[in-house]
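So the chains spell out like this:
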Amino acid sequence: MAARRPGARWLADFLAYETAKSVVVKSWVVGAVNRAVQLLILSYFVGWVFLHEKAYQVRDTAIESSVVTKVKGVGRYGGRVLDAADYVTPEQGAAVFVVITRRIVTENQVQGLCPESDTRYRCTADSDCQSNGPAAASGLLTGRCVRYNGTLRTCEIRGWCPPEVDAVEAPVMLEAENFTVFVKNSVRFPLFGFERANLPPRATAAELSRCRFHPARRPLCPILRLGDVARFAGQDFAALAATGGVVGIKIAWVCDLDRAWELCLPRYSFARLDGGARHGAGSPGYNFRSARYRRGPNGTESRTLMKAFGIRFDVLVYGSAGKFSIVPTLINVVAAFTSVGVGSVLCDLILLHFLKGAEHYKARKFEEVPEASLHQPSAGPTALRGGEMQSTDSGTGSLGL
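Residues numbered from 1 in each chain as written. Predicted model: local features only at pLDDT ≥ 70, side-chain atom pairs only at ≥ 80, totals over all residues. Heavy atoms only, no water.

*Asks:* Can you explain helix α8 (residues 342-353)? Please cite residues and give values.
*Replies:* Helix length check: α8, at twelve residues, gives a terminal C-alpha distance of 17 Å against a target of 16 Å (1.5 Å per residue), a fit within 8%. Among the residues making up α8, those that are buried are Gly343, Cys347, Ile350, Leu351 and Leu352. (Helix = DSSP H or I, 4+ residues; strand = E, 2+ residues; numbered from the N terminus. Expected span 1.5 Å × (residues − 1). Buried < 20%, exposed > 50% of the residue type's maximum accessible area, 1.4 Å probe, protein only.)

*Asks:* Quick one: what's the story with the nonpolar core, residue by residue and with numbers?
*Replies:* Generally speaking, soluble globular proteins have nonpolar side chains that are buried together. Residues Tyr87, Val99, Leu224, Cys255, Phe270 and Phe313 are the most contacted members of the largest nonpolar core, which totals 52 residues. The element best represented in this core is strand β16 (residues 301-324), accounting for seven residues. Not counting the four nearest positions on each side in its chain, Phe313 is found in contact with Ala95, Val96, Phe97, Val99, Leu226, Val229, Val247 and Ile249. Grouped together as the second largest cluster of nonpolar side chains are ten residues, Cys114, Leu141, Cys145 and Cys161 included. (Core = buried A, V, L, I, M, F, W, Y, C linked by side-chain atoms within 4.5 Å. Contact = heavy atoms within 4.5 Å.)

*Asks:* Kindly report on the pattern of salt bridges, identifying the contributing residues and their values.
*Replies:* Scanning the entire structure with this criterion turns up twelve salt bridges. Note that Asp166 and Lys307 form a salt bridge whose closest N and O atoms lie 3.1 Å from each other. With a gap of 141 residues between them, Asp166 in the loop between β9 (153-161) and β10 (180-189) and Lys307 in strand β16 connect regions that are remote in the sequence. We classify Lys307 as buried; its relative accessible area is 9%. Between Glu177 and Arg225 there is a salt bridge whose closest N-O contact spans 3.8 Å. Residue Glu177 is found in the loop between β9 and β10, and its partner Arg225 is found in strand β12 (residues 223-225); the two are separated by 48 residues along the sequence. We classify Glu177 as partly exposed; its relative accessible area is 31%. For Arg225, a relative accessible area of 24% corresponds to the partly exposed category. Residues joined by salt bridges that share partners form a network here, namely Glu164, Asp166, Arg289 and Lys307. (Salt bridge = Lys/Arg side-chain N within 4 Å of Asp/Glu carboxyl O.)

*Asks:* With reference to specific residues and values, describe empty space enclosed by the protein.
*Replies:* A complete count under the given rule lists two cavities of 30 Å³ or more for this structure. The volume enclosed by the second largest cavity comes to roughly 30 Å³. When its residues are assigned to classes, the lining of the second largest cavity shows seven nonpolar, one polar and one charged. (1 Å grid on protein atoms, 1.4 Å probe; cavity = no way out; pocket = protein on both sides within 12 Å on 5 of 7 lines; lining within 4 Å. Points joined across faces, edges and corners; volume = space filled by probe spheres on them. Nonpolar A, V, L, I, M, F, W, Y, C, P; charged D, E, K, R; others polar.)

*Asks:* Could you give me a rundown of unusual backbone geometry, with the residues and numbers involved?
*Replies:* Cis peptide bonds are those with omega within 30 degrees of zero, and the linkage from Thr89 to Pro90 qualifies with -5 degrees. Topologically, Pro90 is positioned in the loop between β6 (88-89) and β7 (96-115). A cis amide bond links Cys161 with the next residue in sequence, Pro162, at an omega value of -5 degrees. Structurally, the position occupied by Pro162 is in the loop between β9 and β10. Not every positive phi belongs to a glycine, and Lys54 is a case in point at roughly 50 degrees. By the secondary structure assignment, Lys54 is in the loop between α2 (28-52) and β2 (57-60). Here the phi dihedral of Asn108 falls at roughly 55 degrees; this positive angle occurs in a residue that is not glycine. With respect to the helices and strands, the residue Asn108 is situated in strand β7.

*Asks:* Run through a nonpolar patch on the surface, naming residues and quoting values.
*Replies:* Taken together, the side chains of Phe324, Ile326, Val327, Leu330 and Ile331 present a nonpolar region at the surface, about 500 Å² in accessible area. Among the elements that make up the nonpolar patch, the one with the highest residue count is helix α7 (residues 326-339) (four residues). Take Leu330: it is sitting in helix α7. (Patch = residues over 30% accessible without salt bridge, like charges linked within 9 Å, V, L, I, M, F, W, Y side chains within 5 Å. Areas by Shrake-Rupley, 256 points an atom, 1.4 Å probe, with all protein chains shown as cover.)

*Asks:* I'd love a proper account of the layout of surface pockets, names of residues and values included.
*Replies:* A volume near 510 Å³ is recorded for the second largest pocket. Along the wall of the second largest pocket there are 20 residues; nearest its centre are Arg80, Asp86, Arg103, Arg292 and Met306. Only β5 (80-82), α3 (84-87), β6, β7, β15 (287-295) and β16 provide two or more residues apiece to the lining of the second largest pocket. The residue inventory of the lining of the second largest pocket, partitioned by class, reads ten nonpolar, four polar and six charged.

*Asks:* Explain the side chain of Thr329 to me, using residue names and the numbers behind them.
*Replies:* Within the secondary structure layout, Thr329 lies in helix α7. A distance of 2.8 Å separates a polar side-chain atom of Thr329 from the backbone oxygen of Ser325. Contact partners of Thr329, with chain neighbours within four places excluded, come to Phe50, Ala55, Tyr56 and Phe324. (Polar contact = N/O pair within 3.5 Å; in protein donor to acceptor, adjacent residues only side chain to side chain.)

*Asks:* How would you explain the state of the cysteines if you had to name every residue and give the values?
*Replies:* Taken as a whole and assessed by the stated rule, the structure comprises five disulfides. The disulfide bridge from Cys255 ends at Cys264, spanning 1.8 Å between sulfur atoms. In this structure, Cys255 and Cys264 share a single accessibility class: buried. Of note for the chain: the bonded cysteines, numbered N- to C-terminal, pair according to 1-6, 2-4, 3-5, 7-8, 9-10. (Disulfide = S-S within 2.5 Å.)

Shown next as structure tokens:
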């Protein structure tokens, strides 16, 4: 018979049909591996996927949240008694607010010409000051070198005079450690129409005003002492108040709605967000500037400039809610039973490549049936090598290793 052409051979292989063939291998090693892999897969799906991850639930992560904050406390600073209206900004009680703990104030600034206070702009002649160069720290350079004091000359600027001197030592309002912040948080999971607030259930107004948050004793109290917030975030309050920083108050809502909805409760955690410990001296904490303007009787405009150091608190709300649904349950059940077949794949690799009887197993597992034999009548059981019998009806062979 003439040899088939390559195109015809490819077409014959493409149109060939493959069917599964069962071979029973009587080897306790391979059987133990198969059962161990199946047990591990089932344990993973039951323990991790279903019990821990609750894959039988549909989850809503589109949390809708509102946050209202209110800071209370009275402190002394610069010979004055300050309340929340003096040291909290912005005033709207938003999810992000700053408690000012240290100030450098420059009074009675007016527009005009004056020597720059920044030591980087020391000079001995006008040539040291470039009038068309970059702006100085406090204004625009005029190109003149003028006297700053009895011994020092600096470049002249046009801007708000006198310029700010931010190298001076300023006290810290350490009373802020005992200030409190009331955090009122309401959340909603729109997929389930579920709403919840962080207020303790059945708490009266008097009880609420006396409570202070503690992760073990009062984990649901929404009133937090600022010193405790810094300590829970791993920070020293005095150092934080001196340089400023950003602290996160994180509220997590992770709710299992298959249980009683009253058990959906917030969990608080705290962290330093600006990485103050990793920053060098060039970026010391958190500060900002603001000014208050006024106009005198003669129409001259003046201002008071304030460089404020403070602790910025960011209230971060996140979470998800889950509830039983038949669709994810069926999907994961099917995935679990399908994954059990991985044990058979691993055992086939062992039998085909790592055991002494690999060729013997390969000859029993893979068998090519020519097309001509499909038209021959069945001859009953076929004898295999070694005296083993294979039934032409069931397609199952027994192989001992």
